[in-house]
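One letter stands for each residue in the lines below.
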Amino acid sequence: MNQDYKINYVDLVIHADIPSPTMKHILLTIAALANENGKCRPSISRLAKLTGFDKRTITRNLRKLENGGWLDIDRVGTQFHRETSFYELNLLKLQTEKNSVQGRGSKPLPGAQSPHLGGTESVNTKDTNNDENRKFENSYIEIDSLFR
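Residues numbered from 1 in each chain as written. Predicted model: local features only at pLDDT ≥ 70, side-chain atom pairs only at ≥ 80, totals over all residues. Heavy atoms only, no water.

## Quick notes on the overall build of the chain
Applicable threshold: Comment: elements are numbered from the N terminus, with helices defined as DSSP H or I runs of at least four residues and strands as E runs of at least two. Relative accessibility thresholds used throughout: buried, under 20% of the residue-type maximum; exposed, over 50%; partly exposed, between the two (1.4 Å probe, protein chains only). Note on definitions: a residue-residue contact is assigned when non-hydrogen atoms from the two residues lie within 4.5 Å. All accessible-area figures derive from a Shrake-Rupley calculation using a 1.4 Å probe, and residue coverage is judged against the displayed protein chains alone.
When you go through the chain residue by residue, the secondary structure sums to 6 helices and 5 strands. Starting at the N terminus and walking to the C terminus, you meet the elements of the chain as α-α-β-α-α-β-β-α-β-β-α. In the chain, which comprises 148 residues, the share counted as buried stands at 32%. Within the chain, counting contacts between residues at least 6 apart in sequence, those at least 24 apart form 54% of the total. Accessible surface, the chain as shown: approximately 9,800 Å² in total, 50% of it carbon and sulfur.

Here it is as structure tokens:
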């Protein structure tokens, strides 16, 4: 089974402009658990175990993520069964935020003045991106192994 979609979901969350580290950590955990459609169904207890936060912190921050539009929560339950929640990443919002963050010019343009070198430097962005992608993929594999 190809799990490249998980790398993309985690990448989207990493680049999202989420206001609190706690919210981002919870959303990263959900992204790592999500299926190819960006959906998952972990319990509050499982999220608490995986993140190290207590259940009340998880519940409070899930509500904030939902209100902020990063996460859709479908709560299902009856009077006889406990409520089950299905979480779905809002991929459109996350993709939009990733593009806006990347558009801020965090990398120098080829031939741009380098404040550290006192001159111009040519940057091969293709090689830089490949190196960064490899580093990210390796760190993702390490993180993903923690969830198994």
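## Section: the confidence of the model for the chain
We apply this condition: Values of pLDDT, ranging from 0 to 100, describe the predictor's confidence in every residue of the model.
For the chain, per-residue confidence averages 75 on the pLDDT scale, and 60% of positions sit at 70 or higher. Of the regions scoring below 50 in pLDDT, residues 105-128 engages in 17 contacts with residues more than four places distant in sequence or in other chains.

## As for a positive patch on the surface
Selection rule: Patch definition: residues above 30% relative accessible area lacking any salt bridge, with like charges linked at up to 9 Å and the nonpolar side chains Val, Leu, Ile, Met, Phe, Trp and Tyr linked at up to 5 Å. For salt bridges, the criterion is a side-chain nitrogen of Lys or Arg within 4 Å of an Asp or Glu carboxyl oxygen. For the purpose of charge, His is not counted, nor are the chain termini; Lys and Arg are scored as positive and Asp and Glu as negative. By convention, charge coordinates are those of NZ in Lys, CZ in Arg, CG in Asp, or CD in Glu.
Residues R56, R60, R63 and K64 make up a contiguous surface patch of positive charge. For R56, the location among the structural elements is in helix α4 (residues 55-68).

## Observations concerning the packing of helix α3 (residues 44-51) against α4
Let me state the cut-off plainly: Fitted lines through C-alpha atoms give the axes, limited to the stretch in contact for helices. The angle between two N-to-C directions lies from 0 to 180 degrees. Here the word oblique covers every angle except those under 35 degrees (roughly parallel), over 145 (roughly antiparallel) and from 65 to 115 (roughly perpendicular). Note on residue categories: nonpolar means Ala, Val, Leu, Ile, Met, Phe, Trp, Tyr, Cys or Pro, charged means Asp, Glu, Lys or Arg, and polar means any other residue, Gly included.
Where α3 meets α4, the axes come as close as 9 Å, and the angle between the chain directions of the two elements is 105°. With respect to α4, the element α3 is oriented roughly perpendicular. Across from I44, S45, L47, A48 and T51 in α3, the residues of α4 making contact are K55, I58, T59 and L62. Residue classes in the contact of α3 with α4 are distributed as 5 nonpolar, 3 polar and 1 charged.

## With respect to the nonpolar core
This is how it is decided: The set of buried Ala, Val, Leu, Ile, Met, Phe, Trp, Tyr and Cys residues whose side-chain atoms join them within 4.5 Å is what this entry labels a nonpolar core.
In this structure, L27, I30, L62, L71 and L89 are the most contacted members of the largest nonpolar core, which totals 25 residues. Excluding its chain neighbours within four sequence positions, the residues that come into contact with L71 are L27, I30, L62, L65, E66, Y87, E88, L89 and N90.

## Some details on the packing of aromatic side chains
Under the convention used in this document: Two rings from Phe, Tyr or Trp (for Trp, the six-membered ring) form a pair when their centres sit within 6.5 Å of each other. Planes less than 30 degrees apart are called stacked, planes more than 60 degrees apart edge-to-face, and all others tilted. Over a ring means this: the NZ of a Lys or the CZ of an Arg is within 6 Å of the ring centre and within 35 degrees of the ring normal.
Taken as a whole and assessed by the stated rule, the structure comprises 0 aromatic pairs. If you follow K93 out to its NZ or CZ, it ends over the ring of W70, 4.7 Å from the centre.

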